[in-house]
Amino acid sequence: MTRWLCAAIVCWPLGNASLAADATTADVTTVLVLPFENTRQEPRLAWMREGAALLLSDYLEAAGDVAIDRDERIRAFDRLQLPAAAVLSRASSVKVGQAVSAVAVVSGRLELVGAELVAHARVIRLDTGRLLPEVEARGPLADVFEIFRGLAQQLKGAATPPIAVSDRVPPSPQVFELYVKGLIAETPSAELAFLEQVLKAAPQFDRARLAIWQVHTEAGNHLRALDIISRVTPASRLSREARFLGALSMTQLKRYDDALQALRALQTEQRSAAVANAIGVVELRRFATPQPGRATYYFSQATELDPTDGDLFFNLGYAYWQEHDAKAAIYWLREAVRRDPGDGDAHFILSAALQQTGATAEASRERELALRLSSKYASWDAKPAGGDPVPRGLERLDDELSQSAARVDLLITANGQREQDTLAQFHLDSGRRAYEREADREAIDELRRALFLSPYLAEAHLLLGRLFLRGGRTEDAIEALKIALWSEETVAAHVALGEAYLQAEDHTLARAEADRALALDPKSADGLRLKARLGGGPW
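Residues numbered from 1 in each chain as written. Predicted model: local features only at pLDDT ≥ 70, side-chain atom pairs only at ≥ 80, totals over all residues. Heavy atoms only, no water.

1. Details of the packing of aromatic side chains
Overall, the coordinates contain 12 aromatic pairs when judged by the stated rule. Ring plane angle 65° and centroid distance 5.9 Å describe the contact between Phe36 and Phe148, whose orientation is recorded as edge-to-face. Taken together, the residues Phe36 in the loop between strand E2 (30–33) and strand E3 (37–38) and Phe148 in helix H5 (residues 144–156) connect sequence positions 112 residues apart. Note on accessibility: Phe36 and Phe148 belong to one class, buried. Relative to Trp380, the ring of Phe348 lies with its centre 5.2 Å away and its plane at 85°, an arrangement referred to as edge-to-face. With a gap of 32 residues between them, Phe348 in helix H16 (residues 344–356) and Trp380 in helix H18 (residues 376–381) connect regions that are remote in the sequence. In this structure, Arg339 is placed above the aromatic ring of Phe313, and the distance from its NZ or CZ to the ring centre is 3.9 Å. Across the ring face of Phe314, the terminal group of Arg396 is positioned such that the distance to the ring centre comes to 3.7 Å. (Phe/Tyr/Trp six-rings, centres within 6.5 Å; stacked < 30°, edge-to-face > 60°. Helix = DSSP H or I, 4+ residues; strand = E, 2+ residues; numbered from the N terminus. Buried < 20%, exposed > 50% of the residue type's maximum accessible area, 1.4 Å probe, protein only. Lys NZ or Arg CZ within 6 Å of the ring centre and 35° of its normal.)

2. Thoughts on the environment of Leu132
The residue Leu132 is located in the loop between strand E7 (130–131) and strand E8 (135–140) in this model. Linking Leu132 and Leu155, residues 23 residues apart in sequence, is a C-alpha distance of 9.5 Å.

3. With respect to the nonpolar core
In this structure, Leu56, Phe148 and Phe244 are the most contacted members of the largest nonpolar core, which totals 76 residues. Per element, the largest residue contribution to this core is eight residues, and it comes from helix H2 (residues 48–62). Ignoring sequence-local partners within four residues, the contact set of Phe148 consists of Phe36, Met48, Ala52, Leu55, Leu56, Tyr59, Leu110, Leu117 and Ala119. By size, the runner-up hydrophobic cluster in this structure holds 35 residues, among which are Leu457, Leu481, Leu485 and Ala514. (Core = buried A, V, L, I, M, F, W, Y, C linked by side-chain atoms within 4.5 Å. Contact = heavy atoms within 4.5 Å.)

4. Comments concerning empty space enclosed by the protein
Following the criterion strictly, the structure yields two cavities of 30 Å³ or more and no others. There is about 80 Å³ of room inside the largest cavity. Every element with two or more residues in the lining of the largest cavity is listed here: helix H4 (90–99), helix H20 (440–453) and helix H21 (458–470). By residue class, the composition of the lining of the largest cavity is four nonpolar, two polar and three charged. (1 Å grid on protein atoms, 1.4 Å probe; cavity = no way out; pocket = protein on both sides within 12 Å on 5 of 7 lines; lining within 4 Å. Points joined across faces, edges and corners; volume = space filled by probe spheres on them. Nonpolar A, V, L, I, M, F, W, Y, C, P; charged D, E, K, R; others polar.)

5. Things to note about the pattern of salt bridges
Close approach of charged atoms lets side chains of opposite charge pair. With the rule as written, the count across this model stands at 41 salt bridges. Here Glu111 ties to Arg109 by a salt bridge, and the two come within 3.9 Å at their closest N and O atoms. Among the ionic pairs, Glu446 bridges to Arg449, the shortest N-O distance being 3.1 Å. Of the two residues, Glu446 and Arg449 both sit in helix H20, three residues apart, roughly one turn of that helix. The pair Glu446 / Arg449 is uniform in exposure class, with both members buried. Each of the salt bridges in this network shares a partner with another, and the network as a whole consists of Asp257, Arg264, Glu283, Arg286 and Arg294. (Salt bridge = Lys/Arg side-chain N within 4 Å of Asp/Glu carboxyl O.)

6. Here's the deal with the side chain of Glu323
The topology assignment puts Glu323 in the loop between helix H14 (310–322) and helix H15 (326–339). We note that Glu323 is buried and unpaired, the nearest opposite charge coming from Arg294 at a distance of 8.5 Å. In terms of polar contacts, Glu323 uses its side chain to reach the backbone amide nitrogen of Gly293, at 3.0 Å. In this view, Glu323 contacts Pro290, Gln291, Pro292, Gly293, Arg294 and Thr296; residues no more than four positions away in its chain are not counted. (Lys, Arg positive; Asp, Glu negative; His and termini not counted. Polar contact = N/O pair within 3.5 Å; in protein donor to acceptor, adjacent residues only side chain to side chain.)

So this is what it looks like as structure tokens:
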């Protein structure tokens, strides 16, 4: 059994669970800092809610921690259907921390006491469930950088060497205020106005250029995005990231030769999965007819550099489909759905490849799952006979140069199928026990291990759906429960999906699931309870 456990490792970046008597966070490796609360609704501190999270994250990183970045935090809020500016309860803070696989979550509050800014912060350790004592730092508002450096030092503890001034910090509090106001602006035009003021006041502050690149890119203004990112100098700490983003802009502008030159130079300097993937995307797009071996070579290299990212495996399988190699497409698309069982595009293309190889029954099953996951595949299916049902342009291009701290590292050796099945059952049992004692994070980890080894394990999807439902992740719950039902239709899965739809306030779909559960078992207590909760309303 020990050999099996070492063969399938899910590597979350966890810190040491044992804490010193003074309960510091000196051993934290992955930390999420939430926007601070402006307790007295002081107008002068409205922008500082986000600013506090950014500054404290920067100083904790300078002290050696890995801080979850703002974009990843916002994605987690969105997935949990939380407003980006919400002040979170402790339970919601834990949910967000779990969603990004943080070891610790830092929350805090701000207030003005006379002429002083007072910042309070405290840590929730997710690995031990401990709420650590609150710490405080204060000083004149003009000394905001020193205040948060001091706060970070207290969070890290006296044993930590003094935290150096972070080179990510703007040259002045005034510039920092403009930068934060740009990030939290409600419209792209307002965001650009603030960020352009930042560059006028501090031309060397390249973080503003990256933010402006993002605004232009999201608006489809790739020429303007390329212009702003090209102004990052080679001496800048952000030079490599800027060159990568510039290559992505050139790709969108169809300047493929220039993009390849920039990407290959980056890859020569330091090998990166994101860069290899981008080269593969360029190779796939630059020819009207895919050139065998070109894109697939780079996508294969990307999967070797980062075996955890399902999008890289999707791109490799999709490229093989474009090269008319159905067997290779099947192999790599199966690897993609091992990492992300809810990847509808991968399931649909896998069904097309299986159909082409004569595996009709399996192809139908994969197509059925794709249709459950999204209605868009019905229009793909409706293409004229003889035409390719798989659209062009599905390849995935990521603008994150470094691997996400929250990504699960799912590396396994080539075990035999029986050994994998046994190991999957072991992780399923562990996940079930953790679910029952409400150790949700541990349960999710174990179930993901099980699903990596056996992607269509119905009970694992059902438990995962229930965990997401319990954690308020309604959309994730619905996706997991749809796959559970596709894998094996059960009363429990119909009831759980009905509860998820009820949580999403879709009473029509919730009622349909209750009816399906009762059709399978008219005496089901859970099905009858769900039906009673739905009542006799107009839906």
